Amino acid sequence: AQTVTQSQPEMSVQEAETVTLSCTYDTSESDYYLFWYKQPPSRQMILVIRQEAYKQQNATENRFSVNFQKAAKSFSLKISDSQLGDAAMYFCASCLAGGTSYGKLTFGQGTILTVHP
Amino acid sequence: KAGVTQTPRYLIKTRGQQVTLSCSPISGHRSVSWYQQTPGQGLQFLFEYFSETQRNKGNFPGRFSGRQFSNSRSEMNVSTLELGDSALYLCASSLETGRNTIYFGEGSWLTVV
């Protein structure tokens, strides 16, 4: 079974600053995917970034980047030049690539990010 | 193209009733999965359908069921509603497996009174 842990219930950052959200996971599989989703007050889950476990290179999407440490089973999200619109709940999630776990995302508990002007 | 569409967005039901929620995936997506989100339990996987077949199921009682139609639209049903079923129900779709990006709908808010 997979588990995903986000140890920071809440984080805050000043506008234009950088913040890092932590995530650790556990799986015995070698082929899996990791995600960060953003859930604003509207509750729509929005994909922020996706990492394929077999890729060594860390994924980046504009101001968002990850630090993927496969051996340590760590997957942190760095948000650079934070904006007010980044304020939301952020979820770390994992998904196996195949087998009997098709389409099953395992989520962490979430981190509430507050952005101060 | 249109995103994942869930209906209804909000509904209130009475204990003991049943409810059906609908999800239309992104065009071309054949995998549809459902999640329950509550303050206490967080996000929990309910089940996943692909080509009208349930491929995976979470740890929920048999009162929770679902199905998928030939056009990939999916419905989930909760029978004999309990107060604890009050939650945001999220539907997600992807092309096939976790190899593809998983997109979410806006959710259906269910309140059981």
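The structure reproduced in this document is the subject of the present report. Numbering of residues begins from 1 in every chain and follows the order in which that chain's sequence is written. Labels follow written order: the first chain is A, the first ligand is 1, and so on. A pLDDT threshold of at least 70 governs which residues receive local features in this predicted model, and a stricter bar of 80 or more applies before side-chain atom pairs are shown or counted, although totals over entire chains, interfaces and linings include all residues. The side-chain numbers reported here are obtained from all heavy atoms of the structure, hydrogens and water having been left aside.

1. Here's the deal with the interface of chain B and chain A
In step 1: By definition in these notes, contact holds between two residues if any of their heavy atoms fall within 4.5 Å. Opposite the 20 residues of chain B that make contact, chain A presents 21 residues.
In step 2: Any Lys or Arg side-chain nitrogen located within 4 Å of an Asp or Glu carboxyl oxygen qualifies as a salt bridge. Taken together, the links from chain B to chain A amount to zero salt bridges.
In step 3: Any N or O atom pair separated by 3.5 Å or less is treated as a polar contact, with the protein-specific requirement of one donor-capable and one acceptor-capable atom, and with residues adjacent in sequence counted only for side-chain atom pairs. One can count six residue pairs in polar contact (both at pLDDT 80 or more) joining chain B with chain A.
In step 4: Only strand 4 (31-38), strand 5 (42-50), strand 6 (53-57) and strand 9 (87-94) of chain B provide two or more residues apiece to the side of chain B that touches chain A. Secondary structure elements are taken from DSSP: a helix is a run of H or I of four residues or more, a strand is a run of E of two residues or more, and numbering for both begins at the N terminus.

2. Some details on the pairing of strand 8 (residues 74-78) of chain B
On any regular strand, side chains alternate: one points to one face of the sheet, the next to the other face.
Residues and elements named next belong to chain B.
In step 1: Strand 8 sits mainly inside the fold: five of its five residues count as buried.
In step 2: Judged by which residues are buried, strand 8 turns out to be covered on both faces: Ser74, Met76 and Val78 on one side and Glu75 and Asn77 on the other are all buried.
In step 3: Bridge analysis of strand 3 (residues 19-24) against strand 8 gives five bridges, and the strand direction is antiparallel. Looking at strand 8, one finds that Ser22 is bridged to Glu75. Burial classes follow relative accessibility: with a 1.4 Å probe on protein chains only, a residue under 20% of its type's maximum area counts as buried, one over 50% as exposed, and anything between as partly exposed. When DSSP finds at least two bridges between two strands, those strands are taken to pair.

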